[in-house]
Amino acid sequence: MNCSFSIEHYGELLEAAKAGGYRFGHFDAVPERGDLLLRHDVDLSLDAALRMAELEAEAEVTSTYFLMTQSVFYNLASPEGTRALNRLRELGHGVGLHAVWPGAELDERFDAVVAWHNPDPDYMSEPLNGAVNVMQSPFFAPDNYRSDSNQRWRHGCPHHELSRGEFEWLQLLIHPEIWIYPGESMVGTMKSMLDAERDRRLELLAEDRIDLS
Ligand SMILES: [Zn+2]
Ligand SMILES: [Zn+2]
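Note that this is a predicted model, so its numbers are computed, not measured.

(A) The coordination of the zinc ion (ligand 1), seen in detail. Cys 3 (SG), His 9 (NE2), Cys 157 (SG) and His 159 (ND1) make up the full set of protein donors to the zinc ion (ligand 1), lying at 2.0 to 2.3 Å. Its four donor atoms give the zinc ion (ligand 1) angles of 103 to 115° at the centre, a pattern that matches the tetrahedral case. Every donor residue of the zinc ion (ligand 1) comes from the same chain, spaced as C-x5-H-x147-C-x1-H. You can call Cys 3 partly exposed: its relative accessible area is 37%.

Written as structure tokens, this is what we have:
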């Protein structure tokens, strides 16, 4: 098996977790043996999030998508943002807030769960009022956490350990963009994302009655 950051291998990772006997949980109860908390921080692309969400639903997997209200790259308040949020709910996924410090204003769109975007160590694990911080105890512990940040696994791809049930429980942070857009490294993946984004934006311009002839 090739541990690429591709949608194919993401599907294999989910299958590995099922083979290892894991249950797909959310941030609403103390993690127990056999729980896999799939967390998706959506930093850049709602399109990538939706494609991953559809694949998970086909595999009968649920996860939690953390969406930004202050993203530089997408507008959650736009019709496109509302459609994405509704579709994630329809597919049965949780939706939390991917917040930019210090603003963690939850509204009715979100479950009571927050993941900070690019947090500093001094507030990263601090408990919040009225919401779960995904990096606080008992949802986070170093041995029960893996992340694909910047298209690099610090401890290797976790699919083997998952298939053998080696984690007591796991919070697995997956950034959809890294798996949906092709690229051997973060820079290549980001360039393919920007190419796709250009095509998408041309369509949006046409929809907005801009003359592109
Ligand atoms: Zn792998
Ligand atoms: Zn982020």
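(B) Layout of the pattern of salt bridges. The tally for this structure, following the rule as stated, stands at 12 salt bridges. In this structure, Arg 146 and Glu 161 form a salt bridge, with 3.7 Å as the shortest nitrogen-oxygen distance. Within this pair, whereas Arg 146 is found in strand β7 (residues 145-147), its partner Glu 161 is found in helix α5 (residues 159-163), the two being separated by 15 residues in sequence. The exposure class of Arg 146 is buried, given its relative accessible area of 12%. One connected set of salt bridges, linked through shared partners, spans Glu 80, Glu 197, Arg 200 and Arg 201.

(C) Examining the pairing of strand β2 (residues 35-41) more closely. When you tally the buried positions in β2, you get seven out of seven residues, the bulk of the element. Here β2 shows two buried faces, one formed by Asp 35, Leu 37, Arg 39 and Asp 41 and the other by Leu 36, Leu 38 and His 40. Relative to β2, strand β1 (residues 23-25) runs parallel, the two sharing three bridges. Paired with Phe 24 across the strands is Leu 36, a residue of β2. Looking at chain direction, β2 and strand β8 (residues 170-173) are connected through four bridges and run parallel. Bridge pairing in β8 places Arg 39 opposite Leu 173. Judged from the three bridges that link them, β2 and strand β3 (residues 64-67) form a sheet pairing that is parallel. Pairing of His 40 across the sheet is with Tyr 65, part of β3. Tracing the backbone out of β2, into helix α2 (residues 46-58) and back to the parallel element β3 gives a crossover that is right-handed.

Rules of the game
- Residues numbered from 1 in each chain as written.
- Chains lettered and ligands numbered in written order.
- Predicted model: local features only at pLDDT ≥ 70, side-chain atom pairs only at ≥ 80, totals over all residues.
- Heavy atoms only, no water.
- Donors = N, O, S within 2.8 Å, 3.2 Å for Na, K, Ca; no water.
- Tetrahedral: all angles 85-135°; square planar, octahedral: opposite > 155°, others 65-115°.
- Buried < 20%, exposed > 50% of the residue type's maximum accessible area, 1.4 Å probe, protein only.
- Salt bridge = Lys/Arg side-chain N within 4 Å of Asp/Glu carboxyl O.
- Helix = DSSP H or I, 4+ residues; strand = E, 2+ residues; numbered from the N terminus.
- Pairing = 2+ DSSP bridges.
- Right-handed = clockwise from strand over helix to strand, strands pointing away.

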